[in-house]
Structure formats: structure tokens, C-alpha cells
Amino acid sequence: MSVFTSKKFIIPTVIVAVLGAIAWSEWKGRSIPPEQRYTFVTVNQGTVKQTVSANGTLNPVTLVSVGTQVSGTVKRYAADFNDKVREGQVLLELDDATYRAQAESSQANVANAKSALDLASANAKRMRSLFDQGYVSRQDLDTATQAFRSAQAQLSAAAANHRRDLTNLGYTVIRSPVSGVVVAREVDVGQTVAASFQTPELYKIAKDLSKMQINTSFAEADIGGIASGMKATFTVDAYPGKHFVGTVSQVRLQATTTSNVVTYNVVVNVDNPDQKLLPGMTAYVNIVSKEARNVLLVPNSALRFKPANATLKKSGPKSANAKEGQPGTVYLLGKDGEPQPVPVRVNITDGKVTELVEGNLKDGDRLITEDNSPKSASADAGKSGMRLRMF
């Protein structure tokens, strides 16, 4: 047999085999009962919540950083980590030798200035008496008066310097500005602190650990659905499976841009009566941005389903993240046993079900999510398989 004759024989044989396979698949698909051929889900009435998520850090509502206004060496500390302190309580003492010497020196200057003032006062009185008797000139009286007033000014300056030195001496004792709990001690005995352009941080004191807040950042795409007063739930790694509740207190207007991603800081207030939540814990926050109650809910798997012979449309939702007001198509089982399209419009979604806002569906309708027939399988395989080469 020649090569040409062989090709003429093979081509019709292949065509017949392909047509036969297609016909068998068509017959096999139609012979399968619908309950076995298709996978169904049910339209139900219920509530759907759309949430936005972000990570944040737990912090005390009021966290006070305690510094020092004078430089010196740490002599001793009177409060340590986790200590409860009262307002005005001593936290730490610096070596005060230098400041005490300055205060004593300025005190001596005050005494000296006071003596000079007493002398100037006596001279001024004497000059006044002699002037009244005509023994001295007006110029002599004016000179004595000026010396008296200068002595007064010098005493005032010396007294001011002494008060300054006493104040600096007092600054060597660091006291708590608020009542609270010490969450950080940044220095140790013998360490030198320098109060120059930036005040050194000695302690951090949380005013009230029963009131906490979460500082978190949400993307600009999610911030439109967040407002003050909204309820927020969150979890922390320290208590797996336990959910905590908070309230959005503020959406800060200042944006932060990192790697071309714009985020906004959202502050969530949290009650912490048993003080289980600690400063610095990572919180995984969820905020319900939208909610719909007593609405028809369409499983998202039904929105993704497309029959093998259907023409794909770009208008329908193709993922679980259906956008508000987005059109789509779902499929009911027709009287002929084939999928019948039903146009719908969807609203909010939680990733599993989506709110139905428009469409000829009712509670209890069964929607198709998968075609299990050989016809569908062969069609899927045909899309990804090799094309038949004709000789």
C-alpha cells in the first residue's frame, strides 16, 4: 500500500472515531440523572457581613515618657518594671553633688548681695539727712540713691540664680508625673544621662492598663467603609481562639505611603478590665464595614459556575470578591435537564456567600456549581489538550 493510499484510509478513520467519541459523550451526559450530573447549592435567606482586616499593635491609651531636665549619673532607682506608682512618687535619683554645690554658692551670693544692699540703704539714708541739712550736694544724694537701687537689683539677680540652682537640684530627683504602671525602665545605676537637645527617656509609665487602644493601618481601598463608632473584633496570639471586642474611636486623616501603598491609621479603643491584653501585643483586627440582614444569599461557587457550552461574559463576577452592584449569572436546572441562565445583581460578600439584590430567584432555589458529566470533562480537557493534526 502506498503512502498516499495509507493517508486516505487513516483520515476518515480518525474523523469517524472523533465523531463517535463526541456522540458517545453526548449520549452518556444526557443519560446521567441530573442529581448525579450536577452539584447543587441552595439559595438561602440570612445575614451577610463584609469585613476589612488589618494588623495593629496594642498600646495603653496614655503612655507617658519620663525624662530628665538635668544631666548626671544615676545614683539609684526606686521603681522597676511592672511597679505601680503614684503621681509624685520618686522614680530615680541622680548624683546631686554638683547641683548642691551650685545652690550653696548662689545662696552665699544672695547673702553677699543682701549685705551690700544693707550698706547701700544706710548710705542713702545718711545722704538724705546730710542733704536736708545742706552738707552734701544733690549729686551726692543721687549717687547714693543709685547705689541703693543697684544693690536691690543685684540682690534680686542673686536670689533668682539661687532659685534656679535649687530648681536644678530638685530635678535630680525624678518623680512620676502620673499614677500608673511602669512598663519600661531605660537606665541603670551608674549610667550617665545627658539632657542636651533631646530629653533622655528614663521611664515609660502606662496611666491605666484597663483601657487600651489598637493602632492599626488600613489600605485606602478599605478606609471608605470605616467610621468612628463601628464595632471591631480582634484576636491576639497569646489567646488562640479567643475573640476580643473594641470600638473604632478615630480614623486619622494623615496618610502614610509605603512602597506606593497608601494607608490610614485607625484607632480602636478596647476595655481591658482583667488586664490580659499587654502593651505591644499584635492584634489581628476585623471591622464589619457593611452588613445586610434578612436578604437572599447566593453561594459564591454558583456565581463562578459556567456551563461548558456557555459563552463567557466579562460582566459576571468571577471570584468570591464580588463588587457592589456587580452583575452576574447563575444557573438553574431547566425542564430539559440543562442549565438555564438567570441574570442577577449582587452586593456585599463575606467571601462565601453574596447578597442578591436583583434576580428571579427565591429562597430554596437550587443553583448549579459543577457539571460532573463526561461531556463537561472532555470539553475541559479539549480546552487544554493538543489540537488534532490533519494529514
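Right above here is the structure, for reference.
Residues numbered from 1 in each chain as written. Predicted model: local features only at pLDDT ≥ 70, side-chain atom pairs only at ≥ 80, totals over all residues. Heavy atoms only, no water.

Visitor: What should I look at first to understand the overall build of the chain in this one?
Guide: Helix and strand counts for the chain stand at 7 helices and 19 strands. With 391 residues in all, the chain has 34% of them scored as buried. Taken as a whole, the chain presents about 23,700 Å² of accessible surface, with 51% of it coming from carbon and sulfur. (Helix = DSSP H or I, 4+ residues; strand = E, 2+ residues; numbered from the N terminus. Buried < 20%, exposed > 50% of the residue type's maximum accessible area, 1.4 Å probe, protein only. Areas by Shrake-Rupley, 256 points an atom, 1.4 Å probe, with all protein chains shown as cover.)

Visitor: When you look at the side chain of Arg185 in this model, what are you seeing that I'm missing?
Guide: Here Arg185 shows up in strand E8 (residues 180–185). Judged by its relative accessible area of 14%, Arg185 is buried. Reaching out from Arg185, the side chain makes a polar contact with the side chain of Asp80 at a distance of 2.9 Å. One polar contact links the side chain of Arg185 to the main-chain carbonyl oxygen of Val187, over a distance of 2.6 Å. Not counting residues within four places of it along the chain, the set of residues in contact with Arg185 comprises Tyr77, Ala79, Asp80, Phe81, Leu202 and Tyr203. (Polar contact = N/O pair within 3.5 Å; in protein donor to acceptor, adjacent residues only side chain to side chain. Contact = heavy atoms within 4.5 Å.)

Visitor: Please clarify how unusual backbone geometry should be interpreted in this entry.
Guide: Most of the time, phi is negative for any residue but glycine, and the peptide bond is trans. Even without glycine at this site, Asn82 takes up a positive phi of about 70°. For Asn82, the location among the structural elements is in the loop between strand E4 (72–77) and strand E5 (84–85). A relative accessible area of 62% means that Asn82 is categorised as exposed. Positioned with a positive phi, Asn294 is a non-glycine residue whose angle comes to about 55°. If you trace the backbone, Asn294 turns up in strand E15 (residues 282–299). What makes Asn294 exposed here is its relative accessible area of 62%.

Visitor: Help me understand the pairing of strand E17 (residues 339–349) in this model?
Guide: Where strand E16 (residues 326–333) lies against E17, 8 bridges are found, and the strand directions are antiparallel. In the sheet register, Val330 faces E17, and the bridge partner there is Val342. Joining the antiparallel neighbours E16 and E17 is a turn of 5 residues, in which Gly337 adopts a positive phi near 80°. For E17 and strand E18 (residues 353–359), the ladder comprises 4 bridges, and the chain directions are antiparallel. (Pairing = 2+ DSSP bridges.)

Visitor: Got a minute to help me understand the packing of helix H3 (residues 97–133) against helix H4 (residues 138–171) in this structure?
Guide: Contact geometry of H3 with H4 gives a least axis separation of 8 Å together with a crossing angle of 165°. Classed by the angle they form, the pair H3 and H4 counts as roughly antiparallel. Note on packing geometry: the crossing formed by H3 with H4 is left-handed. Tallied by class, residues from the contact of H3 with H4 come to 20 nonpolar, 11 polar and 6 charged. (Axes fitted to C-alpha atoms, helices over the stretch in contact; angles between N-to-C directions. Parallel < 35°, antiparallel > 145°, perpendicular 65-115°, else oblique. Left-handed = near helix turned anticlockwise from the far one by under 90°. Nonpolar A, V, L, I, M, F, W, Y, C, P; charged D, E, K, R; others polar.)

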